[in-house]
Amino acid sequence: MADSNFEPRILAFLCNWCTYAGADLAGVSRLQYPPHIRVIRVMCSGSVSPHHVLRAFQKGADGVLIGGCHIGDCHYLKGNYMTIKRMRFLQDLMKFVGMEEGRLHLDWISAAEGPKFAQTVRDFTAKIQKMGPSPLKQAARAA
Amino acid sequence: MERLRDKVRKLLAEGKAGGYIGYKMVEGHPLPHFFTKDRLSEVDEAIVPPGDARYPLDKLLLQVAARYPKETFAIQVRGCDERGLIELYKWGQLDPDQVVLVGVACPQDQADYCECSGPFPSVIDYGEKCRPVPQSQRVTRVEGLAEADALKEWLGHFGRCVKCYGCRDVCPMCFCKECSLEHPDLMSTGMVPPDTIFQLVRAIHMAGRCIDCGLCEEACPADIPLRVLYKKANALVKDLFDYETGSPTAVSPWKVLGEESTLQTKPM
């Protein structure tokens, strides 16, 4: 998509204990990252249902970012085991129906990884910018 | 057929089963019927439905079992029905000690039509084992499409949906009392076709649960190839978690958190 005016809308589900704190660290460290991301704080990335992710795409998100604790660091011990199962499955299913699996990204970002959070958001925003608007949104507009 | 009837008669007469869920011809139509000891003569009319006439007997059993929780019931099962019962045991909906199987093996043309990987149950009282179909050609075809073409095709299918909920209502594995497809905060209401994600949400719920009976696709008034979607969802669960839906021993990946996680996140 060569549309240079395209401003992606990215929804981020961040876990309260690691990635949200990591985002906080990025903030207090005054690290710059693109403002296209809207954050929803969840108590655990394992509480994010694939339904929520699909709902985000339905409602016009161009990308969805899920941030959780590293495996083994989950505040609830094994919540993120479920996150990775669900999201890996959803990515593959999205690929099957042609919804571009790259629009869904899962990353483990700890509370100490402020720079990693900023970098992940920068990379993901750049990627979505390059991919263009979500095909679901284009389909809805055409209908 | 007599072998099946004898077995049912014996089960009912000896009180090993409080009832038998099977089929009976009613005015030329094969319909599900509940046979009991009190009307034992009806068993003479018990049949295996001809052709591809099928109903979600598992779902009927769920209702009967909920009403008579202490009773044991016999039920006619095909390969898919038995997989369904096993999944229902796993999800705590039925007690395996209270179900007696009366098995029916599907004929080869039915197995070919369904692309069924397990067209016979563990107990066979009617029919002969036939050749299973390991790989679905319908799934393989869609897998071969470019992403944009696949999306176009699926959007075309999803756009025909009239939101009748027929796929969910006929599904023997849909036992929830509340359905997220009816939740106004998760699914837009008051429009047809429904949200594009409607079928995808169902596909997610069917992953590792779909027993591939194909009743959803037969019930669908819009001819949406739901079966392709669910077959793929199951294949993904097999690839990712090595879980075969309906396996009597394996534990569903959606139930356990596991001792360790070996899956890796996908690189950006």
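For the structure, check the block above.
Everything in this summary refers to the structure shown in the same document. Model, not experiment: these values are computed from the prediction.

### Observations regarding the overall build of chain B
Then comes step 1: Across its full length, chain B holds 10 helices and 5 strands.
Then comes step 2: For 268 residues, the compact-globule estimate of 2.2 N^0.38 gives 18 Å, and the C-alpha radius of gyration of chain B, at 20 Å, lies within 12% of that figure.
Then comes step 3: Across its three principal axes, chain B shows a C-alpha extent of roughly 65 × 45 × 40 Å.
Then comes step 4: Out of the 268 residues belonging to chain B, those deemed buried represent 54%.

### Re the pattern of salt bridges
Residue and element names in this part refer to chain B.
Then comes step 1: Counting across every chain of the model gives 25 salt bridges over all chains.
Then comes step 2: Linking Arg-9 and Asp-6 is a salt bridge whose minimum nitrogen-to-oxygen distance equals 2.9 Å. Taken together, the residues span about one helical turn, with Arg-9 and Asp-6 both in helix α1 (residues 2-13) at a distance of 3 residues.
Then comes step 3: Of the residues examined, Arg-9 reaches a relative accessible area of 23% and is grouped as partly exposed.
Then comes step 4: For Asp-6, a relative accessible area of 40% gives the class partly exposed.
Then comes step 5: Taking the shortest distance from any N to any O, the salt bridge between Lys-231 and Asp-212 comes out at 2.7 Å. Here the residue Lys-231 occupies a position in helix α10 (residues 226-241), and Asp-212 occupies one in the loop between α8 (198-206) and α9 (215-219), the gap between them amounting to 19 residues. Comparing Lys-231 with Asp-212, the two get one shared label, buried.
Then comes step 6: By sharing partners, the salt bridges in this structure join Glu-2, Arg-5, Asp-6, Arg-9 and Asp-44 into a single network.

### With respect to the interface of chain B and chain A
Interface size is commonly expressed as the accessible surface area that is lost when the partners come together.
Then comes step 1: Contacts between the two partners involve 44 residues from chain B, matched on the other side by 38 residues from chain A.
Then comes step 2: Around 3700 Å² of area is buried between chain B and chain A when both sides are counted, 71% of it from carbon and sulfur atoms.
Then comes step 3: If you sort the residues of chain B by the area they bury against chain A, B:Leu257, B:Lys266 and B:Met268 come out on top, with a joint share of 21%.
Then comes step 4: Where chain B meets chain A, there are 3 salt bridges.
Then comes step 5: For B:Lys266, the salt bridge goes to A:Glu101, with nearest N and O atoms at 2.6 Å.
Then comes step 6: For the pair chain B and chain A, the number of links is 13 residue pairs in polar contact (both at pLDDT 80 or more).
Then comes step 7: Breaking the side of chain B that touches chain A down by element, the ones donating at least two residues are α5 (137-143), α6 (147-158), α8 and α10 of chain B.
Then comes step 8: In terms of residue count, α10(B) provides more of the side of chain B that touches chain A than any other element does, 8 residues in total.
Then comes step 9: Looking at side-chain class alone, the side of chain B that touches chain A contains 29 nonpolar, 7 polar and 8 charged residues.

Conventions we followed
Residues numbered from 1 in each chain as written. Chains lettered and ligands numbered in written order. Predicted model: local features only at pLDDT ≥ 70, side-chain atom pairs only at ≥ 80, totals over all residues. Heavy atoms only, no water. Helix = DSSP H or I, 4+ residues; strand = E, 2+ residues; numbered from the N terminus. Rg over C-alpha atoms; globule rule 2.2 N^0.38 Å. Buried < 20%, exposed > 50% of the residue type's maximum accessible area, 1.4 Å probe, protein only. Salt bridge = Lys/Arg side-chain N within 4 Å of Asp/Glu carboxyl O. Contact = heavy atoms within 4.5 Å. Buried area = accessible area lost by both parts, 1.4 Å probe. Polar contact = N/O pair within 3.5 Å; in protein donor to acceptor, adjacent residues only side chain to side chain. Nonpolar A, V, L, I, M, F, W, Y, C, P; charged D, E, K, R; others polar.

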